Amino acid sequence: MFSASDLRKGLRVEIEGAPYIITEFNFVKPGKGASIYNCKMKNLITGSTLNRSYRSNDKLDEPKLEERTMRYSYQEGDNYVFMDKNFEQINVSAEVLGDNRFFLVEEIEVEILIHNGRPIGVDLPTFVEKEIKETEPGFRGNTATNVTKPAKIEGGYEIQVPLFINQGDVVKIDTRTGGYADRVRVAKGS
Amino acid sequence: MSLAGLKPVLELRDRLLSATRLFFHERKYLEVETPVMVRTPALEQHIDAFQAGGGYLRTSPELHMKRLLAAGYERIFQIGPCFRAGERGRLHNPEFTMLEWYCAGADYMDILIETEALLKYVAQACLGRLSFERNAQTIDLGGEWKIFSVGGLFKKYAGWNPLENFDERRFDDDLVSCIEPHLPEDFPVVLKDYPAQAAALARLKAGDKHVAERWELYLGGIEIANAFSELTDAAEQRKRFEDCARRRALCGSEAYELDEDFLSALECGMPQSAGIALGLDRLVMLFAGASSLDDVLPFR
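Residue numbering note: each chain is counted from 1, following its sequence as written. Chain letters and ligand numbers both follow the written order, the letters beginning at A and the numbers at 1. It should be noted that, the model being predicted, local features are given only for residues of pLDDT at least 70 and side-chain atom pairs only at 80 or more, the latter also being counted only at that level, while totals for whole chains, interfaces and linings use all residues.

Novice: How would you summarise the overall build of chain B if you had to cite specific residues and measurements?
Specialist: We count a stretch as a helix when DSSP gives it H or I for four or more residues in a row; a strand needs E for two or more, and each element gets its number in order from the N terminus. When you go through chain B residue by residue, the secondary structure sums to 8 helices and 14 strands. Between the two quantities, the radius of gyration covers C-alpha atoms and the globule rule is 2.2 Å times the number of residues to the power 0.38. Taken over C-alpha atoms, the radius of gyration comes to 19 Å for chain B, in line with the 19 Å a tight globule of 300 residues would show. A principal-axis box enclosing the C-alpha atoms of chain B has dimensions of 50 × 45 × 35 Å. To sort residues by exposure, count the other C-beta atoms lying within 10 Å of each residue's C-beta; 20 or more gives buried, 12 or fewer gives exposed, and values between give partly exposed, all with C-beta atoms placed from the backbone. Taking all 300 residues of chain B together, the buried fraction comes to 40%. Intrachain contacts of chain B at a sequence separation of at least 6 include 67% that bridge at least 24 residues. Contact between residues is assigned whenever the C-beta positions, reconstructed from backbone atoms, fall within 7 Å.

Novice: Could you give an account of the pairing of strand E12 (residues 208-219) of chain B, naming the residues involved and the relevant values?
Specialist: Residue and element names in this part refer to chain B. Pairing between strands requires that DSSP locate at least two bridges from one strand to the other. The pairing of strand E10 (residues 189-195) with E12 spans 6 bridges and is antiparallel. Among the inter-strand pairings, Tyr194 is bridged to a residue of E12, identified as Ala212. Sheet analysis places strand E11 (residues 204-205) next to E12, joined by 2 bridges and oriented antiparallel. Directly across from Lys205, in E12, lies its bridge partner Asp208. What sits between the antiparallel neighbours E11 and E12 is a turn of 2 residues, in which Gly207 has the positive phi angle 90 degrees. Judged from the 6 bridges that link them, E12 and strand E13 (residues 222-229) form a sheet pairing that is antiparallel. Across the sheet, residue Glu216 finds its bridge partner in E13, namely Asn226. Adjacent in sequence and paired antiparallel, E12 and E13 are bridged by 2 residues, among which Gly220 carries a positive phi angle near 60 degrees.

Novice: Give me the lowdown on the packing of helix H2 (residues 62-70) of chain B against helix H7 (residues 260-268) of chain B, citing residues and values where you can.
Specialist: All names here are of chain B. At a closest axis distance of 9 Å, the pairing of H2 and H7 adopts a crossing angle of 30 degrees. On the basis of their axis angle, the class for H2 and H7 is roughly parallel. Two packed elements cross with a definite hand, and for H2 against H7 that hand is left-handed. Two secondary-structure elements touch here, H2 through Leu63, Lys66, Arg67 and Ala70 and H7 through Asp261, Phe262, Ala265, Leu266 and Cys268. Residues belonging to the contact of H2 with H7 are distributed by class as follows: 6 nonpolar, no polar and 3 charged. Between N-to-C directions, angles span 0 to 180 degrees; the directions come from axes that are lines fitted to C-alpha atoms, helices contributing only their stretch in contact. Roughly parallel means an angle under 35 degrees; roughly antiparallel, over 145; roughly perpendicular, 65 to 115; everything else is oblique. Each crossing gets its hand from how the near helix is turned against the far one by less than a right angle, where anticlockwise is left-handed and clockwise is right-handed. Under the grouping applied here, Gly and all other residues not named as nonpolar or charged are polar, the nonpolar ones being Ala, Val, Leu, Ile, Met, Phe, Trp, Tyr, Cys and Pro and the charged ones Asp, Glu, Lys and Arg.

Novice: Outline the environment of Val150 of chain B, supporting the account with residue identities and numerical values.
Specialist: All names here are of chain B. Among the structural elements, Val150 can be located in helix H4 (residues 150-157). Distance in space between the C-alpha atoms of Val150 and Met98 is 24 Å, their sequence separation being 52 residues. Setting aside anything within four residues of it in sequence, one finds Val150 in contact with Pro162, Leu191, Lys192, Asp193 and Tyr194.

Novice: Lay out the packing of H4 of chain B against helix H5 (residues 168-179) of chain B in plain terms, naming residues and giving numbers.
Specialist: Two packed helices can be described by the angle between their axes and the distance between those axes. All names here are of chain B. Look at H4 against H5: their axes get within 11 Å of each other, and the N-to-C directions meet at 70 degrees. One way to sum up the angle between H4 and H5 is to call them roughly perpendicular. Judged by the twist between their axes, the crossing of H4 over H5 is left-handed. On the side of H4, the interface is formed by Leu153, Phe154 and Tyr157, while H5 contributes Asp174, Cys178 and Ile179. Of the residues belonging to the contact of H4 with H5, the class tally is 5 nonpolar, no polar and 1 charged.

Novice: Tell me about the domain arrangement of chain A, and name the residues and values.
Specialist: Each domain's limits were defined by an automated method or a database of domain assignments. Here chain A is described as being made up of domain 1 (2-60), domain 2 (65-123) and domain 3 (127-185). Taken over C-alpha atoms, the centre of domain 1 of chain A sits 43 Å from the centre of domain 3 of chain A.

Novice: Lay out helix H8 (residues 280-287) of chain B in plain terms, naming residues and giving numbers.
Specialist: Residue and element names in this part refer to chain B. Within H8, 6 of the 8 residues are buried, leaving the element largely enclosed by the surrounding structure. Within H8 the residues assigned to the buried category are Arg282, Leu283, Val284, Met285, Leu286 and Phe287. Buried residues in H8 make contact with helix H1 (7-26), helix H3 (108-127), strand E7 (131-134), E12, E13 and strand E14 (273-279). Remark: Gly289 follows H8 within two positions and exhibits a positive phi of approximately 70 degrees.

Novice: Give me the interface of chain B and chain A: which residues, what numbers.
Specialist: How big an interface is tends to be stated in terms of accessible area lost as the parts join. Tallying the contact residues gives 18 residues for chain B and 14 residues for chain A. Of all the secondary structure elements, the ones that give two or more residues to the side of chain B that touches chain A are H5 and E13 of chain B. The element best represented in the side of chain B that touches chain A is H5 of chain B, accounting for 3 residues. Here the residues of the side of chain B that touches chain A sort into 5 nonpolar, 6 polar and 7 charged.

Novice: Mind laying out the environment of His25 of chain B, listing which residues take part and the relevant values?
Specialist: Residue and element names in this part refer to chain B. Positionally, His25 belongs in helix H1. When the 12 C-beta atoms within 10 Å are taken as the criterion, His25 is described as exposed. His25 sits 41 residues away from Lys66 along the chain, and the two C-alpha atoms are 19 Å apart.

Novice: Hey, could you go over the sheet that holds strand E2 (residues 12-15) of chain A for me, with residue numbers and the actual values?
Specialist: Whenever strands of a sheet pair, they do so through backbone hydrogen bonds, lying parallel or antiparallel. All names here are of chain A. An order of E2-E3-E4-E5 is seen for the 4 strands of this open sheet, with the pairing classed as antiparallel. Unpaired on one side and paired on the other, E2 and strand E5 (49-55) mark the two borders of the sheet. Across the sheet, the mean angle from the axis of one strand to that of its neighbour is 40 degrees, orientation sign disregarded. By the bridge criterion, 8 bridges tie strand E3 (residues 18-28) to strand E4 (residues 36-43) in an arrangement that is antiparallel. Bridge pairing links Tyr20 to Asn43 in E4.

Novice: Any details on the nonpolar core? Residues and values, ideally.
Specialist: Any nonpolar core is a set of buried residues, restricted to Ala, Val, Leu, Ile, Met, Phe, Trp, Tyr and Cys, that join up through C-beta atoms within 7 Å. By size, the foremost hydrophobic cluster in this structure holds 77 residues, and its most contacted members are Trp101, Ile111, Ala199, Ile224 and Ala227 of chain B. Once residues lying within four places of it in the same chain are set aside, the contact partners of Ala199 of chain B are Lys32 of chain A together with Tyr194, Ala212, Arg214 and Phe228 of chain B. One finds Tyr80, Val110, Ile165 and Val171 of chain A within the second-largest nonpolar core, a separate group that totals 20 residues.

Structure follows, in structure tokens:
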């Protein structure tokens, strides 16, 4: 249970059964008057926002949130299976993963956010390495990075890469933006 | 901001502190220091104290300073830390520095004249001029100080009169959402004559028991000081404390014990006086043109 004076930016609270994070917080107190705690909050599952204001004696529930470090194991239909070091498994749906599902690499370590036993978000490392499965042949010697072409990685996810990238090259992807960051390895035999 | 980066602000604060002391000493005020750790804090509906060492950290030096007034010290000022639990925001910090002063024989409008003189004096000493800029808005202390009555502002902008039918929750909400946004920001603004219920330690207006002799000063839309004609009637003060303790208990807040030392000082007789509390950290913030205490408090 939180009281209004615990409220601050970044705090996670539960409202009508859903977990929220406070994204903006503003405390006002007219002289000699009551404290008013204005909060802007984001639903951690749907992303929708909410404005609420609280008084000193208001109470808020604490969401049952848990963060678990897991490793990605394998895909099973629309579900992605993660495992912790005790081989305990968690299935995360494609819907919860969003675009992050394209950036999973076997044995990659992730943080899974769990609300009331249900996974609601997966935090990936900032950079992952992925092989280019499909792209127009590259222009050897063209090292410019400001001219790009489309390329596809496993699962058909499309990114923009520099012209010198070839099919079979391994590139680094920034999971925050979903964009190309660097070339890691050149395709064997090229 | 880094500690080193705050140097201009800390220098401004240093000039403000010494100019404030000079101002009061020139006017024959005595600087006093009263306990920071107190047996029981002043009872106010919406001010919560931190417990410390079997007692509390003071939320204001008011009760001790009034004991000095009752003992015959007629002009006293104090600069020191006060603590209020649960108050943290852009304009609030649980620990803050208060400038508080009292003058025997004066009423709330006399102390407004002195406040105007003080602010002009310290602005001149700190900034070399009477105006300062904040959010691209110039605030001119040398211009006219506009005085509005609380009843008039509520009738105009909130559509009701809190002096006739006081509704506390509605009063606070409307003050923040209907009144404050309409206050001019380019010159000093004074709100005066509050509902009696919104001033636990103030004297009521002779001839109108609905009105407390209290004003609040706003600079650039920010509340900077609160002043009263002080209540000197011991029986009335005891009754208000008891009411306040009851109301606090009702809404689940701690009902602090009455400060009997203060009440017996009132019983022995305190002269008619005016007193004022001014938030020094906020004044530094305004003079520095900053919009949050984050920009002026080094260890926040």
